[in-house]
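Chains, contacts and geometry: an overview
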Amino acid sequence: MYTLLIFLCSFAVVHIIKLAKIGLDSLKEKSEPEPEKKEKKQEKPAKQPQPVYYIVEKKRARKATYSAPREISFTDKK
């Protein structure tokens, strides 16, 4: 029951903070008016799409033959 209560309180706090931030951002005045879009389109030529490069990793081939197995001992021989 306490876990559910903590979750609901945290959920409410996060959303209240997000809404407050959105409200503060909407109150700020824009410093510069936006220039007309028609002028921008006439000034800039159409951009060519940039090429897309993909990184491809080579698969390593498995060894055809393996070395003989080694014997491993875990006892100390002092």
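Residues numbered from 1 in each chain as written. Predicted model: local features only at pLDDT ≥ 70, side-chain atom pairs only at ≥ 80, totals over all residues. Heavy atoms only, no water.

1. Structural notes on the overall build of the chain
Per the secondary structure count, the chain includes 2 helices and 0 strands. Here the chain has roughly 9900 Å² of accessible surface; of this, 60% comes from carbon and sulfur atoms. (Helix = DSSP H or I, 4+ residues; strand = E, 2+ residues; numbered from the N terminus. Areas by Shrake-Rupley, 256 points an atom, 1.4 Å probe, with all protein chains shown as cover.)

2. Description of a nonpolar patch on the surface
Together, Leu4, Phe7, Leu8 and Phe11 give the surface a local cluster of nonpolar side chains, amounting to about 430 Å² of exposed area. If you trace the backbone, Phe7 turns up in helix 1 (residues 2-27). (Patch = residues over 30% accessible without salt bridge, like charges linked within 9 Å, V, L, I, M, F, W, Y side chains within 5 Å. Salt bridge = Lys/Arg side-chain N within 4 Å of Asp/Glu carboxyl O.)

3. Some remarks on helix 1
The end-to-end C-alpha separation of helix 1 is 38 Å, in line with the 38 Å expected for 26 residues at 1.5 Å each. Counted residue by residue, helix 1 has 0 buried out of 26 residues, so it is predominantly exposed. (Expected span 1.5 Å × (residues − 1). Buried < 20%, exposed > 50% of the residue type's maximum accessible area, 1.4 Å probe, protein only.)

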